[in-house]
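Structural overview
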Amino acid sequence: MRTPFALFFVTFLTTSVLAEPQPRDNQTVAVGPWAIASIYKADKLESCTMSRPAGELGITFVRTQDGLSALLDSRKWRLDRGKAYSVRLVAGSRSLDAKALAETKSVTIALADPRLNSKLRSASVFEVHGDGATLRVPLDGSSAAFERLEACFSKREATEINPFVASSRKP
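No experiment lies behind these values; they were computed from the predicted model shown.

Observations concerning the overall build of the protein chain
- What the protein chain contains, in helices and strands, is three helices and 10 strands.
- Secondary structure of the protein chain in N-to-C order comes out as α-β-β-β-β-β-β-β-β-α-β-β-α.
- Burial status across the protein chain gives 33% buried among its 171 residues.
- A fraction of 47% describes how many contacts in the protein chain between residues 6 or more apart in sequence connect residues 24 or more apart.
- Carbon together with sulfur atoms contributes 57% to the accessible area of the protein chain, which is approximately 10600 Å² in total.

Structure follows, in structure tokens:
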């Protein structure tokens, strides 16, 4: 009598696990030197990223519902977590002051200025001037990569507007 019950119980658990929707895989596509990725949480597109290494510096542009931000990281950094560092951002002829919010080995900079963001698409380098150093982010191939980044994120908005359109998982 225990064997049929055990078999029923295992079958029930297996069926219920298989019936649950599986989370979407994050997908990555190369656009020149950049890797464009779509980031899903709970089967919903949360953000799209555009990243590449530049020597010891890791560079990621993140597009979320709140806008565009830059994430810079290095294994060599020892930053004060939670501190906001003053920086000067330069792309082409556009420059502005901003705050870099620190983690231990990375900083996040909100890129809220649309004129700076448009310059990022055509500039050859993005500079982040801090008190101790100037970080030079190469932007070769960024025009097509930024277009793909926006296309990735606009798919999120299209599927939220029309619930009858299946979202594509391509970034």
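Let's pick the thread back up.
Notes on the sheet that holds strand 1 (residues 27–31)
- If you walk across this open sheet you meet the 10 strands as 1-2-3-4-5-8-7-6-9-10, and the pairing is antiparallel. Edge positions in the sheet fall to strand 1 and strand 10 (134–138), since each of these pairs with one other strand and no more. Across the sheet, the mean angle separating the axes of adjacent strands is 25° when strand polarity is ignored.
- Examined bridge by bridge, strand 9 (residues 125–129) and strand 10 share five bridges and lie antiparallel to one another. By the bridge assignment for strand 10, Val125 is matched with Pro138.

Describing the state of the cysteines
- Under the counting rule described, the total for this entry stands at one disulfide.
- With a sulfur-sulfur separation of 1.9 Å, Cys48 is cross-linked through a disulfide to Cys152. Residues Cys48 and Cys152 are joined by a disulfide whose S-S torsion is about -75°; by sign, that bridge is left-handed. Of this pair, Cys48 sits in strand 3 (residues 44–54) while Cys152 sits in helix 3 (residues 142–161), and the two are 104 residues apart along the sequence. The exposure classification of Cys48 matches that of Cys152, with both residues buried.

A short note on the packing of aromatic side chains
- Across all of its chains, the model carries three aromatic pairs by this definition.
- Judged by centre distance (6.1 Å) and plane angle (45°), the rings of Phe61 and Phe126 are tilted. With Phe61 in strand 4 (residues 57–64) and Phe126 in strand 9, the pair connects residues that are 65 residues apart, well separated along the chain. Residues Phe61 and Phe126 agree in their burial class; the two are buried.
- Chaining the aromatic ring pairs together yields one cluster made of Trp34, Phe61, Phe126 and Phe146.
- Between Arg52 and the ring centre of Trp34, over which it is positioned, the NZ or CZ distance is 5.3 Å.

Quick word on the side chain of Glu127
- Relative to the helices and strands, Glu127 is located in strand 9.
- Look at Glu127 and you get buried, because its relative accessible area is 17%.
- At 2.3 Å, the side chain of Glu127 forms a polar contact with the side chain of Arg136.

A look at the environment of Pro33
- Relative to the helices and strands, Pro33 is located in the loop between strand 1 and strand 2 (34–41).
- Linking Pro33 and Asp140, residues 107 residues apart in sequence, is a C-alpha distance of 7.6 Å.
- Leaving out residues up to four positions away in the same chain, Pro33 has contacts with Ser51, Arg52, Asp140 and Gly141.

Reading guide: rules and limits
Residues numbered from 1 in each chain as written. Predicted model: local features only at pLDDT ≥ 70, side-chain atom pairs only at ≥ 80, totals over all residues. Heavy atoms only, no water. Helix = DSSP H or I, 4+ residues; strand = E, 2+ residues; numbered from the N terminus. Buried < 20%, exposed > 50% of the residue type's maximum accessible area, 1.4 Å probe, protein only. Contact = heavy atoms within 4.5 Å. Areas by Shrake-Rupley, 256 points an atom, 1.4 Å probe, with all protein chains shown as cover. Pairing = 2+ DSSP bridges. Axes fitted to C-alpha atoms, helices over the stretch in contact; angles between N-to-C directions. Disulfide = S-S within 2.5 Å. Phe/Tyr/Trp six-rings, centres within 6.5 Å; stacked < 30°, edge-to-face > 60°. Lys NZ or Arg CZ within 6 Å of the ring centre and 35° of its normal. Polar contact = N/O pair within 3.5 Å; in protein donor to acceptor, adjacent residues only side chain to side chain.

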